[in-house]
Amino acid sequence: MSVATNQFKTGMCIMYDGKMFLIVDFQHVKPGKGGAFVRTKLKDIKSGRVQEVTFRAGEKMEDVRVETKRLQYLYTDGSTFNFMDTSTYEQFEIGADFVGDQAKWLKENDEVAVVYAGGEMIGIEPPMFVELEVVETDPGFKGDTVQGGSKPATLETGAIVQVPMFVETGDKLKIDTRDGSYITRV
């Protein structure tokens with residue numbers, strides 16, 4: 001199925017130059033002189049590189065179908081992460097290098113979205129918010145909060161986030177996984 005440049009949306013997956021690309025950003029430009037065009041930022045799904053590409057208005061590209069499958073994270077043995085499809089109880093092993101940086105938000109029994117494009121696995125999306133316990137942080141002292149300061153805290157998954165001074169070891173925190181920011185204590 002093909003899609004014209006006027007139908008582009010952020011997050012859409014297209015085939016360009018024989019490779020699958022994710023549209024990160026796009027802008028329709030209509031100069032006073034000459035034909036309209038679409039300026040895009042495309043992320044190569046395999047390498048992760050982002051490049052800028054300009055298309056003529058109305059140009060058609062091949063659309064790649066993107067699907068998500070909900071899987072439950074079971075455990076890791078260091079080199080692979082094990083997931084289970086809760087509807088079929090089928091288990092999947094995914095390499096640690098593929099999971100990458102998202103591993104710091106994975107806690108056993110949490111549900112994640114595995115993204116497929118054109119039948120090929122392209123990424124893992126953890127839940128938008130996770131609740132994790134603080135395993136190590138410096139103690140906060142009375143009077144430290146005058147400027148609303150923050151301190152680093154290590155969470156049970158190994159992630160390090162900036163938290164307010166009043167957070168202590170043992171506290172459960174709600175964290176936004178999109179940018180790794182502290183939301184609230186739970």
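Relevant structure appears above.
Residues numbered from 1 in each chain as written. Predicted model: local features only at pLDDT ≥ 70, side-chain atom pairs only at ≥ 80, totals over all residues. Heavy atoms only, no water.

Re the overall build of the protein
Argument step 1. Regarding its fold elements, the protein presents one helix and 16 strands.
Argument step 2. The C-alpha radius of gyration of the protein comes to 21 Å, more than 25% above the 16 Å expected for a compact globule of 186 residues.
Argument step 3. Sorting the 186 residues of the protein into buried and exposed places 36% on the buried side.
Argument step 4. A separation of at least 24 residues holds for 42% of the contacts in the protein among residues at least 6 apart in sequence.
Argument step 5. Within the structure as shown, the protein displays about 11300 Å² of accessible surface, and the carbon and sulfur contribution to it stands at 47%.
Argument step 6. Looking at the protein, you have 22 positive and 29 negative side-chain charges, and the mean spots of the two groups are 10 Å apart. (Helix = DSSP H or I, 4+ residues; strand = E, 2+ residues; numbered from the N terminus. Rg over C-alpha atoms; globule rule 2.2 N^0.38 Å. Buried < 20%, exposed > 50% of the residue type's maximum accessible area, 1.4 Å probe, protein only. Contact = heavy atoms within 4.5 Å. Areas by Shrake-Rupley, 256 points an atom, 1.4 Å probe, with all protein chains shown as cover. Lys, Arg positive; Asp, Glu negative; His and termini not counted. Charge placed at Lys NZ, Arg CZ, Asp CG, Glu CD.)

Focus: the sheet that holds strand β14 (residues 160-164)
Argument step 1. What the five strands build is an open sheet, ordered β14-β13-β12-β15-β16; its pairing is antiparallel. Looking at the sheet topology across the chains shown, the edges are occupied by β14 and β16 (181-185). Neighbour-to-neighbour, the strand axes of this sheet turn through a mean angle of 55 degrees, independent of strand direction.
Argument step 2. Here strand β13 (residues 150-155) pairs with β14 via five bridges, running antiparallel. (Pairing = 2+ DSSP bridges. Axes fitted to C-alpha atoms, helices over the stretch in contact; angles between N-to-C directions.)

Some points on the side chain of Asp85
Argument step 1. When you line up the elements, Asp85 lands in the loop between β8 (80-84) and β9 (91-95).
Argument step 2. Although buried, Asp85 forms no salt bridge, and the nearest oppositely charged side chain, Lys69, lies 4.1 Å from it.
Argument step 3. Asp85 has contacts with Lys69, Arg70, Leu71, Glu90 and Phe92, leaving out every residue within four places of it along the chain. (Salt bridge = Lys/Arg side-chain N within 4 Å of Asp/Glu carboxyl O.)

Observations concerning the environment of Val99
Argument step 1. With respect to the helices and strands, Val99 occurs in helix α1 (residues 96-99).
Argument step 2. Once the C-alpha coordinates of Val99 and Ser181 are considered, the two residues, 82 residues apart in sequence, prove to be 20 Å apart.
Argument step 3. Sequence-distant contacts of Val99, that is, excluding residues within four places in its chain, are made with Phe81, Ile94, Leu106 and Ile124.

Describing the pattern of salt bridges
Argument step 1. Counting across every chain of the model gives six salt bridges.
Argument step 2. The partner of Asp44 in a salt bridge is Lys19, with the nearest N and O atoms 3.9 Å apart. Pair noted here: Asp44 is in strand β4 (residues 37-44) and Lys19 is in strand β3 (residues 19-29), with a separation of 25 residues, a long-range link.
Argument step 3. Arg65 is the salt-bridge partner of Glu67, the closest N and O atoms lying 3.0 Å from each other.
Argument step 4. For Arg65, a relative accessible area of 63% corresponds to the exposed category.

Some thoughts on the packing of aromatic side chains
Argument step 1. According to the stated counting rule, one finds five aromatic pairs in the structure shown.
Argument step 2. With centroids separated by 5.9 Å and ring planes inclined at 65 degrees, the aromatic side chains of Tyr16 and Phe21 adopt a geometry described as edge-to-face.
Argument step 3. Judged by its relative accessible area of 21%, Tyr16 falls in the partly exposed class.
Argument step 4. A residue is classified by how much of its surface remains accessible, and Phe21, at 2% relative accessible area, is buried.
Argument step 5. Grouping aromatic residues by their ring pairs yields a cluster made of Phe8, Tyr16, Phe21 and Phe55.
Argument step 6. Lys174 extends its terminal NZ or CZ atom over the ring of Phe129, reaching a point 5.0 Å from the ring centre. (Phe/Tyr/Trp six-rings, centres within 6.5 Å; stacked < 30°, edge-to-face > 60°. Lys NZ or Arg CZ within 6 Å of the ring centre and 35° of its normal.)

Details of the pairing of strand β6 (residues 60-64)
Argument step 1. Two strands pair when backbone bridges link them, and strand β1 (residues 2-4) and β6 are joined in this way by three bridges, in the antiparallel orientation. If you follow Ala4 over to β6, its bridge partner there is Lys60.
Argument step 2. As judged from the three bridges shared by strand β2 (residues 13-16) and β6, these two strands associate in the antiparallel manner. Across the sheet, residue Ile14 finds its bridge partner in β6, namely Asp63.

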